[in-house]
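Chain residues, written in single-letter form:
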Amino acid sequence: MFISTDDIKRLPLFTGMTESQLADITATTHFNIRHHKRGSTYIKEYDAAQSLVLTTHGWTDIHTCSDNHGYRMVERVDSPLMIEPDKLFGLTTNYLSSYVAQTSCDTLSISKEQLLSLFAQHLIVRLNFLNAISRQTQHYESLPWQGNNTDPSHCITNFIKHRCRYPYGRKTLYITMQQLADELNISRLEVSVALNQMQQQEKIILRRGIIEVPALQIL
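Residues numbered from 1 in each chain as written. Predicted model: local features only at pLDDT ≥ 70, side-chain atom pairs only at ≥ 80, totals over all residues. Heavy atoms only, no water.

(A) A look at the sheet that holds strand S11 (residues 210-213). The seven strands lie next to each other as S2-S7-S4-S5-S9-S11-S10, forming an open sheet whose pairing is antiparallel. Edge positions in the sheet fall to strand S2 (41-43) and strand S10 (205-207), since each has one partner strand and no second. Each neighbouring strand pair of the sheet contributes to a mean axis angle of 25°, computed without reference to strand direction. Relative to S11, strand S9 (residues 171-174) runs antiparallel, the two sharing four bridges. Residue leucine 173 lies in a different strand from S11, and its bridge partner there is isoleucine 211. (Pairing = 2+ DSSP bridges. Helix = DSSP H or I, 4+ residues; strand = E, 2+ residues; numbered from the N terminus. Axes fitted to C-alpha atoms, helices over the stretch in contact; angles between N-to-C directions.)

(B) Representation of the sheet that holds strand S3 (residues 51-57). Taken in spatial order, the four strands line up as S1-S8-S3-S6 in an open sheet, and their pairing is antiparallel. Looking at strand neighbours, the two that pair on one side only are strand S1 (32-36) and strand S6 (81-83), the edges of this open sheet. For this sheet, the mean inter-axis angle between neighbouring strands, taken without regard to orientation, is 25°.

(C) Examining the packing of aromatic side chains more closely. By the definition in use, this model includes six aromatic pairs. Measuring from centroid to centroid gives 6.4 Å for tyrosine 42 and tyrosine 99, while their planes differ by 40°, and the two rings are tilted. Of this pair, tyrosine 42 sits in strand S2 while tyrosine 99 sits in strand S7 (residues 98-101), and the two are 57 residues apart along the sequence. Plain terms: the ring middles of phenylalanine 89 and phenylalanine 129 are 6.3 Å apart, the flat faces sit at 80° to each other, and that makes the pair edge-to-face. Of this pair, phenylalanine 89 sits in the loop between S6 and S7 while phenylalanine 129 sits in helix H4 (residues 123-142), placing them 40 residues apart in sequence. Since its relative accessible area comes to 5%, phenylalanine 129 is described here as buried. (Phe/Tyr/Trp six-rings, centres within 6.5 Å; stacked < 30°, edge-to-face > 60°. Buried < 20%, exposed > 50% of the residue type's maximum accessible area, 1.4 Å probe, protein only.)

(D) Just the side chain of lysine 87, in detail. Tracing the sequence through the fold places lysine 87 in the loop between S6 and S7. For lysine 87, a relative accessible area of 9% gives the class buried. Those residues in contact with lysine 87 that sit more than four places away from it in its chain are Ala49, Thr92, Thr93, Asn94, Tyr95 and Leu96. (Contact = heavy atoms within 4.5 Å.)

(E) Inspection of a nonpolar patch on the surface at higher detail. A cluster of nonpolar side chains, Leu123, Leu127 and Leu130, forms an exposed patch at the surface whose accessible area comes to about 280 Å². Assignment of secondary structure puts leucine 130 in helix H4. Under the relative-accessibility criterion, leucine 130 is labelled partly exposed at 49%. (Patch = residues over 30% accessible without salt bridge, like charges linked within 9 Å, V, L, I, M, F, W, Y side chains within 5 Å. Areas by Shrake-Rupley, 256 points an atom, 1.4 Å probe, with all protein chains shown as cover. Salt bridge = Lys/Arg side-chain N within 4 Å of Asp/Glu carboxyl O.)

(F) Layout of the pairing of strand S4 (residues 59-65). For S4, the tally of buried residues reaches five of seven residues, placing the bulk of the element in the interior. Here S4 pairs with strand S5 (residues 72-78) via seven bridges, running antiparallel. In the strand pairing of S5, threonine 64 is matched with methionine 73. Counting the residues that bridge the hairpin from S4 to S5 gives six residues, and of these histidine 69 lies at a positive phi of roughly 60°. Sheet topology note: the S4/S7 ladder contains four bridges and is antiparallel.

As structure tokens, this is what we get:
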């Protein structure tokens, strides 16, 4: 499948590059380009991260489960998306989440060897990659310092936010009220009252075993 310089320039890895630089990259770099049908899982939790994967078109649902798989969070994210760049190097080189095409979706992947070659040739590619990892690290680093309000609604809000990879957009938490109460160490009644208040405020939509957040930024 052919990829144009217009598609490449939209990707966060190549932000700020000139047309000539992009043309050189498309001519000399091998990209593995794939099309995924709606509903297909193109990366599974625990898969080895052997290449850098970026989405070029379409929406993706990111499924992240608790360690015991007792509950899971689903985040809906539009393209372009750089998928878990921190998993390419370091101690843990397996994906944390599963990635499902919510619409038809196109991905582009670059092998580690090709990526290292791009790093060596283009400073801006190195900086874009480091910026992506830095933003993610700073996001998670700030979470434990956001206060310890004991109000049940605040606790639920923090529980949801702390389990999201992206601080915006649609989120769906698959968890029962009892599971949530156990995780927060409060009563099921407190959870029920707080969730219903949040629904009345139009911050969430409640269904059996599901908490849907239309937009995390208004939670």
